[in-house]
Amino acid sequence: MYHNDINPSGGKAAWKPEEVLNFTYEKQDNLMIATAVSPDNSKNLIAFVQLQNKGSYKGNVVCVFDNKGEMLWQNTLELEVNTDFFNILDMAINNEGTVFAGVYTFDSPKSHGRTNESLYMYEITESSTSSVSENVNFHISNGKMITGQSGRIYIGGYYCQDLKKNENGSYMVTYDPKSSNFTTISHSDFPASYKEKNAGGILAGFLANQENRVTVEALYECSNGSVVMLGEQKAMRAVQSQNGGTTYYYMAKNVVYNKTDANGEIEKFALFDKKQMATSGSSYLSYKRLGISYYPFFDNDEVYILYADNLNNYKGKSGVPYKALLSGKALYCCTQLVIDKEGNGETKKLLSTKEDKRTVTTPLFYDGNGYIVVEETKKELNISKLSAN
């Protein structure tokens, strides 16, 4: 890992890196990188988790930096669990520079799926590592962590009760560093209306909610101590043609919304329609590289989301809702979804290539009135402001 200073007023960026860290990476090892920023933006976390080719834990290096990029300390995470089956869900850092790692562990007897499931919280400082754990009664699929302005640590994500099926519920965990205890472990199944009738044709079993994976995209702590969690339904299907070629269909369907009360108990669930699909001759891990998925922002306890859309959604042609977005930029438009404090959502078209002669490629941030975005025209890329009104 290297550190390089860039002077924002110095013209072109110079590449004069200094080595910060190195470690041995052997053939077929897997590497997970976790990053986080403290709520006051004074501390930065970069962690490397090394797994052997069969998934067993090999080591972890935790590095904490100040806001000038200088390393404050470095330590390792030693997992003290009694099983080989685990998932490091995510990591977070607080204003004091303490690092937190959420780890899900379980046993996996061949005939019983998962048993003895536990959630660990590791606290890592420059000189020590400690952990606490609690049993859980649901199969965690994925998770994301944040440190709230209150100092509490939150882990949120999705679970399944049947390992042969996709996610069917949301969970939220609250951890109090002052007492070194989990204060809330809340989970809630998706409502019965979540399950849909499968579509027919080439996309059979692809469009219905339950045929999509659900991944957590963002967590936000509100001013009253409640937490908003955003997720996304995703699916991929590979279809082989008679000549041996493969077409990959990618679906980034609905925005999944949850909100807790001030005690961390999940109390709200909603789905916000977002009809996105792309096709490719290659396999991709990142949906954003295909121009689908969404960019979330949080301001004054409200959620602001931008995503690529199809103009046909605004012409009443809902009978063909899943037309591939990338089939032609003439149908491209940028849509805003605003979710208010009560969990109500409203969508609005902000621009279209047909009318405005430009395309939003990357939203960067929301400033309270609009979005700073990277836009593409026929001739150039620009950084500009897109009004939210």
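Above this text you will find the structure in question.
The present account deals with the structure reproduced in this document.

Definitions and cut-offs
- Residues numbered from 1 in each chain as written.
- Predicted model: local features only at pLDDT ≥ 70, side-chain atom pairs only at ≥ 80, totals over all residues.
- Heavy atoms only, no water.
- Patch = residues over 30% accessible without salt bridge, like charges linked within 9 Å, V, L, I, M, F, W, Y side chains within 5 Å.
- Areas by Shrake-Rupley, 256 points an atom, 1.4 Å probe, with all protein chains shown as cover.
- Salt bridge = Lys/Arg side-chain N within 4 Å of Asp/Glu carboxyl O.
- Helix = DSSP H or I, 4+ residues; strand = E, 2+ residues; numbered from the N terminus.
- Buried < 20%, exposed > 50% of the residue type's maximum accessible area, 1.4 Å probe, protein only.
- Pairing = 2+ DSSP bridges.
- Axes fitted to C-alpha atoms, helices over the stretch in contact; angles between N-to-C directions.
- Contact = heavy atoms within 4.5 Å.
- Polar contact = N/O pair within 3.5 Å; in protein donor to acceptor, adjacent residues only side chain to side chain.
- Core = buried A, V, L, I, M, F, W, Y, C linked by side-chain atoms within 4.5 Å.

### Observations regarding a nonpolar patch on the surface
A cluster of nonpolar side chains, namely F23, Y25, L31 and I33, defines an oily patch on the protein surface of about 370 Å² accessible area. Looking at the element boundaries, I33 is found in strand β3 (residues 30-37). Residue class for I33 comes out exposed when judged on its relative accessible area of 52%.

### Examining the sheet that holds strand β24 (residues 359-366)
Here 3 strands make up an open sheet; going across it, the order is β24-β25-β26 and the pairing antiparallel. Across the chains shown, the open sheet's two edge strands, defined by having one partner strand only, are β24 and β26 (381-387). If you compare each strand with its neighbour and ignore which way they point, the axes differ by 30° on average. As paired strands, strand β25 (residues 370-376) and β26 are joined by 7 bridges and run antiparallel to one another. Looking across to β26, one finds that Y371 is bridged to L386.

### Let's talk about the sheet that holds strand β14 (residues 181-189)
With respect to topology, 4 strands assemble into an open sheet ordered β11-β12-β13-β14, the strand pairing being antiparallel. If you trace the sheet from one side to the other, it starts and ends with β11 (139-147) and β14, each paired once. The average angle at which neighbouring strand axes cross in this sheet is 15°, direction not considered. Across 7 bridges, strand β12 (residues 153-160) lies against strand β13 (residues 169-176) in antiparallel orientation. The residue bridging Y159 from the neighbouring strand is G169, located in β13.

### A short note on the pattern of salt bridges
As enumerated under the stated definition, the model contains 10 salt bridges in all. For E221, the salt bridge identified is with R152, shortest N-O distance 3.7 Å. Here E221 is found in strand β15 (residues 213-221), whereas its partner R152 is found in the loop between β11 and β12, with 69 residues between them in sequence. Judged by relative accessible area, E221 falls into the buried class, the value being 15%. Residue R152 is classed as partly exposed on the basis of its relative accessible area, which comes to 26%. The network of salt bridges with shared partners includes E217, E232, K234 and K274.

### Some details on the environment of S186
One can find S186 in strand β14. In this structure S186 comes out as buried when scored by relative accessible area, which is 4%. Residues S186 and T83 lie 103 residues apart in sequence; the distance between their C-alpha atoms is 24 Å. Beyond its immediate stretch of four places on either side in the chain, S186 contacts S170, Y171, M172, G264, E265 and I266. Within the structure, the side chain of S186 is placed 3.2 Å from the side chain of E265, a separation counted as a polar contact.

### Quick word on the nonpolar core
Of all hydrophobic cores here, the largest spans 21 residues; its most connected members are L45, V62, M91, V99, V103, Y122 and I124. Elements with a contribution of two residues or more to this core: β3, β4 (43-51), β5 (57-66), β7 (85-93), β8 (99-107) and β9 (115-124). Per-element accounting of this core gives the leading share, 4 residues, to β7. If we ignore the near neighbours within four places in the chain, the residues touching M91 are A34, A36, L45, A47, N60, V62, V99, F100, A101, I124 and M145. L89, V136, I140 and F182 belong to the second-largest nonpolar core, a separate cluster that totals 18 residues.

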